[in-house]
Amino acid sequence: MAARMQSTEAALLVDASRSPPELLGLYGMEPTSVAAVIDACADVLAQPSTEAWLPQTPGSAHPYQYGHWLPLPANGSSVSAALLLLDRSPREKPAPGAPAPQLLARHASDVLALALRCEHAEQYSASVLRESESRLNLTEHTAGAGSWSLQLSTHEVIHSDEFATVMGLGDRHRVKNLEDMVQRYTPEWRNGIRQRLERCAQNGEGFDEEIQITVEGGPAKWVRTVATAVRRANGEIARIQGAIQDISAQKQAQQDTLRLAMRLTTTLASITEAFVTLDRQCCFTYLNQESERLLQKTTGDLLGLEVWQGFSPALSQRLKEQLTKSLQTNRRVELEDFFPTLGKWLEVRAYPFAEGLAVYFRDVTERRRSQEQLMLLETSVSRLNDIVAIAETGAGNEQEPRIVFVNDAFEQHTGYSRAEVLGQTPRMLLELDPATTKLSELGRSLRQSRQARTELMVRRKNGAMFWVELEVVSVQATAEDITHWVAVGRDITQRKTAEDMIRHLAFYDALTDLPNRQLLLDRLQQTLAASARSGQHGALMFIDLDNFKILNDSLGHHMGDQLLQKVAQRLTRSVRKTDMVARLGGDEFVVMVDDLSTDPDAAAFKATALAEKVLHTLREPFQLTGGHQHFSTPSIGVASFNGQQSDVGELLKQADLAMYQAKSLGRNTLCFFDPAMQATVSANATVSSELRVALSANQFVVYYQPQVDRVGVITGVEALVRWQHPKRGLVSPAEFIPIAEDTGLILPLGQWVLETACNQLSAWAVNSSTAGLSIAVNVSVRQFRHPDFVDMVMAAIKHTGIRPHKLKLELTESLLADRMEITINKMGMLKALGVTLALDDFGVGYSSLSVLKRLPLDQLKIDKGFVADVLTDPNDAAISRAIIALAQSLGLQVVAEGVETQEQRDFLAYQGCDQFQGHLFAKPLPIEALNALLQNPTSGMLLLA
């Protein structure tokens, strides 16, 4: 109408209150252009003006050049609409307030408002309906009842959701008609419910029945089914409607009540106790036959008498108080007392009722006679610290026993109360398979004998497990019929824990929790046996941390322990899960690797790769407590095995020897065992044994090598020990001194050389020609470190009476590697005695200038290694010059040892060397040859008196 009235090509009706604006209607245009037109008019629609022209934007997606906007009033609603008149060609703007368009706009606004009101009304009605349905569903769900309706005209059944729930229908299943509904009932009820529904539909006869229905996947369910007819105004039945309610719980309760009542009736009928009734004055009104026998009087004698009449005053008073109390409080009372006139203990139970009291008498004399014993037995069992449980056997071997008694200790240890375990199977305490197996074995053993014992783990209520030493005895009614099992258990958790701890301590290292030597040897023995059977090769890695003692001495043993723990962790991570990592003690670890290969070369390759991996892993820095970063390196010895070795100790020793070989190669490396090592070790062991014999048999002699100054004057000698072996002849110190160091024999040997030198100085002191000579004695690190070394030197000087400065002690540079303060302090004490101190083999050890200047030295000895090539090697020549210059700057004398040629002597003398020692002058000589040389020096040497 708007387009025709205004003669435009097209028109749109738009709801401008929504974002984006929504199209309500269109005329004369393609729907594909609507979105572009509305988008182009968005700004115009937002303006409050009533009329506006819309110019077309070049490139628009619609063909219209001009548009006329007529806003539609909201008329009290929240809707604001607009009428857009569109044309392809320009038009003259209509007169403002043209009556026809305005009238049309007002009419359209009224129609829209009416439509909105209808929409709101429908929404409100739907909301009320949904709320009503929600309340109905909630009510039905709360009551456990569902409603249904059968339309007689269509035979269609309509029902609620709760109806479907009660019927056990799935989410997508519905009852559609009468027959479908009937089929939901159990077969025995279907005909009856069908007839009742039909009579209700035909005659309007309602019904209320309790019937069973079938439920898919579950047992039959009891429901209450109610139906009634709904009539039209003319009395005609239009439909029948009703409800079903789940009453399974009520039915079950009724059945339980009925069974209980029957049980109680049967129980009361079986009681043969004495029974009487009393009036409210406690006088007899009825006695049964058993009561006459028990009270020893007839009914005629007792009717109308007070119940306590004829008894002793004290007993009468107690009976009167208790029975009167029962009448006053309307509560039952019970008492047991001795009736002297009857000579019996009677149990009295009184129950009040409207007319008086119902009283039961029972003779408990026999029970009371054994009560003390029973009480003692019950108290002792209940209060036992041991766990006691009694289980009743099943009717057959297939049924499990059921617990019928537990004592206090059972409750305390398991956490279960009596109520929780009575009637349960003991299996509830034994969830673990091993315990269940033991219980089954225990049952079989009990069927063969009347007693059995075992140890098993029992589960507490909180899930924790504890060990029990269990002894079970069977109770037999006959020789073949076992009725009960009596189990007595003792908590042995602490003992088991202690055993586990002892076992763990016996086989595991306490610091690192790695297997110890004992477990390693056991596993190694098993592995060797398996290797012999399978032909698989394996390897044993012996690992020792380099310079571990330095960490302990510098940072403390707690840091050393922490390093050992971290090493253990790294070793475990770096090897295979099947490999075994063990700690032997200190900083020594062992890795056992098996099943490498049946091929020796392949096995050796794999062992090497694994050892190198371990070597690389342990080279990485360790982060210790306090942010300290420690770098550690290992020395690893590897010994291969293939099952042919039978002595695990020998295999471990081979790996140990290979590790020491790695140490000797400079540490931080790995070395495989070589049989030659064993030969060397065996030879060293022989030498060590012979050294001990040599010390006791005085097989050692001292040789002396002269030392001369720059002009050839003999200033002193160096004492060099030799071993006069009874079979091997004269043995060089290089063959036995290292072994003496390792075995500790260097201490008595060094002391003997020191005392021999002091005695020789004492002998020379009486001769003017030799009184000025000094003797240099080599002191090993181990000898110098001995706490009593200074005292032993002092004792030797005092005993021989020599002049201390004539005794020269030559110390090695290895002393300067650690414990510097102790070394300097001890050297100061020797210096204070007057002893001359020399640093031997200078330049090949650990000396530093900062340390050297603090030492109270008198001489430096240039190592013969530098002297040998001093004329041919520029480096040795430079080192020699530097040593001499350093000694001169520190005010120390320089002694060059190993001088073999005159050219070497002249070169060193030219550089400023003070004294010389070597074969150029004389080789080491026994004391007789030395004395002869001193009396008649060779060419180039002098002895000043």
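Residues numbered from 1 in each chain as written. Predicted model: local features only at pLDDT ≥ 70, side-chain atom pairs only at ≥ 80, totals over all residues. Heavy atoms only, no water.

Quick word on the overall build of the protein chain
(1) Moving on: Scanning the protein chain from terminus to terminus reveals 33 helices and 35 strands.
(2) Moving on: Counting across all 945 residues of the protein chain, residues that qualify as buried make up 41%.
(3) Moving on: If you take every contact in the protein chain between residues at least 6 apart in sequence, the share linking residues at least 24 apart comes to 55%.
(4) Moving on: Counting only carbon and sulfur atoms, one obtains 53% of the accessible surface of the protein chain, whose full area is about 50,700 Å². (Helix = DSSP H or I, 4+ residues; strand = E, 2+ residues; numbered from the N terminus. Buried < 20%, exposed > 50% of the residue type's maximum accessible area, 1.4 Å probe, protein only. Contact = heavy atoms within 4.5 Å. Areas by Shrake-Rupley, 256 points an atom, 1.4 Å probe, with all protein chains shown as cover.)

Let's talk about unusual backbone geometry
(1) Moving on: A positive phi is found at Cys282, a non-glycine position, where the angle reads about 65 degrees.
(2) Moving on: The residue Cys282 is located in the loop between β10 (274-279) and β11 (284-287) in this model.
(3) Moving on: Relative accessible area serves as the criterion here: at 2%, Cys282 is assigned to the buried category.
(4) Moving on: You will see that Asn330, though not glycine, has its phi angle at about 60 degrees, which is positive.
(5) Moving on: Here Asn330 is to be found in the loop between α11 (313-329) and β12 (333-339).

Concerning the pattern of salt bridges
Side-chain pairing between opposite charges can occur once the charged atoms of the two side chains come close.
(1) Moving on: If you walk through the whole model with that rule in mind, you get 40 salt bridges.
(2) Moving on: For the salt bridge of Arg318 with Asp337, the shortest nitrogen-to-oxygen distance reads 2.6 Å. One end of the pair, Arg318, is in helix α11; the other, Asp337, is in strand β12, and 19 residues separate them in sequence.
(3) Moving on: Beyond isolated ion pairs, a larger network of salt bridges with shared partners links Glu455, Glu469, Arg495, Lys496 and Glu499. (Salt bridge = Lys/Arg side-chain N within 4 Å of Asp/Glu carboxyl O.)

A closer look at the packing of aromatic side chains
(1) Moving on: A full pass over the atoms with the stated rule returns 12 aromatic pairs.
(2) Moving on: Ring centres of Phe700 and Phe736 lie 5.7 Å apart, and the angle between their planes is 50 degrees; this geometry places the pair in the tilted category. With Phe700 in strand β27 (residues 700-709) and Phe736 in helix α24 (residues 733-743), this residue pair connects regions lying 36 residues apart in the sequence.
(3) Moving on: The rings of Phe275, Tyr286, Tyr351 and Tyr360 are connected pair by pair, giving a single aromatic cluster.
(4) Moving on: Above the face of the Phe784 ring, Lys826 is positioned so that its terminal group lies 5.4 Å from the ring centre. (Phe/Tyr/Trp six-rings, centres within 6.5 Å; stacked < 30°, edge-to-face > 60°. Lys NZ or Arg CZ within 6 Å of the ring centre and 35° of its normal.)

Structural notes on the confidence of the model for the protein chain
Should the pLDDT be low somewhere, the predicted coordinates at that spot are not to be read in detail.
(1) Moving on: Chain-level pLDDT for the protein chain is 82 on average; 83% of the residues reach the 70-or-more range.
(2) Moving on: For residues 74-79, every residue scores under 50 in pLDDT, and the model assigns this stretch 11 contacts once sequence neighbours within four places are set aside. (pLDDT = per-residue confidence, 0-100.)

Considerations on the sheet that holds strand β3 (residues 66-72)
(1) Moving on: Taken in spatial order, the 4 strands line up as β2-β1-β4-β3 in an open sheet, and their pairing is antiparallel. Taken across any chain shown, the strands that pair with only one partner, and hence form the sheet edges, are β2 (22-27) and β3. Across the sheet, the mean angle separating the axes of adjacent strands is 20 degrees when strand polarity is ignored.
(2) Moving on: As judged from the 7 bridges shared by β3 and strand β4 (residues 81-87), these two strands associate in the antiparallel manner. Following the sheet pairing, Pro71 is matched in β4 by Ala82. (Pairing = 2+ DSSP bridges. Axes fitted to C-alpha atoms, helices over the stretch in contact; angles between N-to-C directions.)

Here's the deal with the sheet that holds strand β19 (residues 482-491)
(1) Moving on: Read across the open sheet, the 5 strands follow the order β16-β15-β19-β18-β17; overall the sheet is antiparallel. Since the sheet does not close on itself, it has two edges, and those belong to β16 (402-406) and β17 (451-459), each with one partner. For this sheet, the mean inter-axis angle between neighbouring strands, taken without regard to orientation, is 30 degrees.
(2) Moving on: Across 4 bridges, strand β15 (residues 387-392) lies against β16 in antiparallel orientation. Following the sheet pairing, Ala391 is matched in β16 by Ile403.
(3) Moving on: Along the sheet face, helix α17 (residues 493-507) touches β17, β18 (465-476) and β19 and points at about 130 degrees away from the line of β18.

Re the environment of Phe736
(1) Moving on: Taking relative accessible area as the criterion, Phe736 reaches 0% and is therefore assigned buried.
(2) Moving on: When the C-alpha atoms of Phe736 and Asn684 are compared, they prove to be 8.3 Å apart, with 52 residues separating the residues in sequence.
(3) Moving on: Ignoring sequence-local partners within four residues, the contact set of Phe736 consists of Val687, Leu691, Phe700, Val721, Arg722, Trp723, Val731 and Leu749.

Points about the pairing of strand β22 (residues 588-597)
Within a regular strand, the side chains alternate between the two sheet faces.
(1) Moving on: Among the 10 residues in β22, 9 count as buried, and that is most of the element.
(2) Moving on: As judged from the 5 bridges shared by strand β21 (residues 580-585) and β22, these two strands associate in the antiparallel manner. Bridge pairing links Gly585 to Glu588 in β22.

Re the environment of Asn684
(1) Moving on: Mapped onto the elements of the fold, Asn684 is located in helix α23 (residues 675-696).
(2) Moving on: Here Asn684 falls in the partly exposed class, since its relative accessible area comes to 33%.

Remarks on the nonpolar core
(1) Moving on: Formed by 80 residues in total, the largest nonpolar core has its most connected members in Leu807, Leu809 and Leu908.
(2) Moving on: A total of 8 residues in this core trace back to one element, the largest contributor, which is helix α25 (residues 746-765).
(3) Moving on: Apart from the residues within four sequence positions on either side, Leu908 is in contact with Val867, Val870, Ser880, Ile884, Ala896, Val899, Cys913 and Phe916.
(4) Moving on: Membership of the second largest hydrophobic core comes to 31 residues, among which are Leu514, Met559, Val581 and Ala611. (Core = buried A, V, L, I, M, F, W, Y, C linked by side-chain atoms within 4.5 Å.)

A word on the pairing of strand β31 (residues 807-812)
(1) Moving on: Summarising burial for β31: 5 of the 6 residues are buried, a large majority.
(2) Moving on: Both strand β30 (residues 774-779) and β31 contribute to a ladder of 5 bridges, which runs parallel. When the bridges of β31 are listed, Ile775 appears paired with Leu807.
(3) Moving on: Inspection of the sheet shows β31 paired to strand β32 (residues 836-842) by 5 bridges, in the parallel sense. What sits directly across from Leu811, in β32, is Leu839.

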